[in-house]
Amino acid sequence: MKNKYLYIETFGCQMNVHDSEQMAVLLSGVGYQLTDHAQKADLILINGCSIRDKAEQKAFSELGRLLKFKDKNPRLIVGFGGCLAQHLGEKVYGRDKRVDFVFGTHNIHQLPRMVDAVLKERRRVTQVAFSDKIESLGIFAPPPPGSLGAFVSIMQGCNNYCAYCVVPYLRGPEMSRAPEDICNEVEKLTRCGVQEVTLLGQNVNSYGQNTAFDCDFPKLIRLIARIDGIRRIRFTTSHPKDLSDGLVECFQSEKKLCGHIHLPVQSGSNRILKRMNRGYTLEQYLAKVKRLRSVRPTMAITSDIIVGFPGETQKDFEETIDMMEKIRFDSVFSFKYSERKGTAARQLPDKVPEAEKRKRLIRLQNLQNLHTQEKNTALEGSIQQVLVEGRSKNSDLDLMGRTEGWKIVNFRGGSDLIGALVDVEITRGFLHSLRGKMIES
Ligand code: SAH
Ligand code: SF4
Ligand code: F3S
């Protein structure tokens, strides 16, 4: 039988990346082998993101490019899925008639059947219905050979309805996976050589709420920390309103838990935080940062910030700048507010003009670059534990790894160290990476 090839293009967050891995596993069960070359594919999937307008545009321009392969290969079928497909449903066909099928975030398990129907019946298939249980959540995606790190979904969906955000409408309500299932998956991953797991959820801090099992997020971390073979645990994303004392204690007692937290603040103005429906004040956020730093003084703290949310005045923006000066994040993902259909913020008055948003974003990013550089320079002379991931992109003589704080370190060393946890003295801190020297033990 001729090999059938599958090409997947993924946009958006780690969850979409993880979903794509599960799609590949499912389709390998019906004979599709993953390829990096779209021109050789029999099946192409676009897994799109809808978080901001720019993300949508990117997925559509890629769709246009990939559909052109149909001119040369009329047997090629193209499916459009993920958060963006969930958002648009059948409207996707209005964007381009050549799309063969559309599938949503809860319909990944139906992929083999959908592909079969398109091939046999030569008709369009659309599946975007939500269900109470996401069938694909438990699919085990073996990491590529040699991987040291892997992502593990611990929950799906979101109940928070931040005023700007489409995710709750695209991924449905929050659902936590049973702790036994998660631990089994982590154990399986260790047998494939994985040493570092990143636990995924839109709000990992509310893990276990409204479930039949008695396990909250700190308890889950402790269960995973007990698994032999796991040397590092990370998680993302953490909602500040649900960050508990129990999690702070985990940072104190669990040595395997990396000293890094991504804690999106979104704004430094209480007025804007309220309009965003974030559920915390700046003072509460600052107090949580302080507690975290009191148990792990060197902990890396990263964040997300939106500029130009409807009603954000110059004064509100200055409060965000002041907050950044106070906290000094290790790095920040910053975005111009992008209006999304169906969200509450769409109804809010006082939209900020595009030019003003751009101006604020540039100022914020310049300030953050100063802080990131300052943080990285401060690491010079320190000894960091580094998990060696592979050879460096910059030089054949160098290895590349990450610190607990998720910072890239390049240093001299032989390939035999790939996969090892080594101590590295930091000799230079740059804006996007660190340079170091391994300490021979
Ligand atoms: N669940 C995560 C984040 C998901 S989206 C959390 O709550 O932290 C990642 C980031 O995209 C958000 O933190 C926010 O900063 C940004 N974002 C989401 N919707 C946006 C919008 N409409 N416009 C601009 N940025 C947005
Ligand atoms: Fe969106 Fe807020 Fe949910 Fe994050 S917590 S996914 S920003 S609604
Ligand atoms: Fe995008 Fe969906 Fe993630 S909208 S950011 S891919 S949850």
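Our structure's up above, just so we're on the same page.
About the cut-offs
- Residues numbered from 1 in each chain as written.
- Chains lettered and ligands numbered in written order.
- Predicted model: local features only at pLDDT ≥ 70, side-chain atom pairs only at ≥ 80, totals over all residues.
- Heavy atoms only, no water.
- Near = heavy atom within 4 Å.
- Polar contact = N/O pair within 3.5 Å; in protein donor to acceptor, adjacent residues only side chain to side chain.
- Areas by Shrake-Rupley, 256 points an atom, 1.4 Å probe, with all protein chains shown as cover.
- Helix = DSSP H or I, 4+ residues; strand = E, 2+ residues; numbered from the N terminus.
- Nonpolar A, V, L, I, M, F, W, Y, C, P; charged D, E, K, R; others polar.
- Phe/Tyr/Trp six-rings, centres within 6.5 Å; stacked < 30°, edge-to-face > 60°.
- Buried < 20%, exposed > 50% of the residue type's maximum accessible area, 1.4 Å probe, protein only.
- Pairing = 2+ DSSP bridges.
- Axes fitted to C-alpha atoms, helices over the stretch in contact; angles between N-to-C directions.

Section: the site of ligand 1
So, point 1. Ligand 1 sits among 15 residues. The nearest are Arg52, Gln202, Gln266, Asp304 and Ser338.
So, point 2. Contacts to ligand 1 include Tyr164, whose backbone N or O atom sits 3.0 Å from a nitrogen atom.
So, point 3. Here an oxygen atom of ligand 1 sits 2.6 Å away from a polar atom, N or O, in the side chain of Asp304.
So, point 4. Protein burial of ligand 1: of its 550 Å² of free accessible surface, 89% is covered by the chains.
So, point 5. Looking at the shell around ligand 1, the elements that each hand over two or more residues are β13 (300–307) and β14 (331–336).
So, point 6. For the shell around ligand 1, a count of residues per class yields 6 nonpolar, 4 polar and 5 charged.

A look at the packing of aromatic side chains
So, point 1. Applying the stated criterion across every chain, the model contains 9 aromatic pairs.
So, point 2. Note on Tyr161 and Tyr169: the rings are 5.4 Å apart at their centroids and 75° apart in plane angle, and the pair reads as edge-to-face.
So, point 3. Taking relative accessible area as the criterion, Tyr161 reaches 40% and is therefore assigned partly exposed.
So, point 4. Residues Phe235 and Phe251 carry aromatic rings whose centres are separated by 6.0 Å and whose planes lie at 55° to one another, so their mutual orientation is tilted. Note that Phe235 is positioned in strand β11 (residues 232–236) and Phe251 in helix α10 (residues 245–253), a separation of 16 residues in sequence.

A word on the sheet that holds β14
So, point 1. The 3 strands lie next to each other as β12-β13-β14, forming an open sheet whose pairing is parallel. A single partner strand is all that each edge strand has here, and the edge strands are β12 (260–262) and β14. Pairs of neighbouring strands in the sheet enclose a mean axial angle of 10°, with direction left out of account.
So, point 2. Bridge count for β13 against β14 is 6 bridges, and the pairing is parallel. Residue pairing for β14: Ile305 is matched across the bridge by Ser334.

Taken by themselves, the reported measurements are silent on function.
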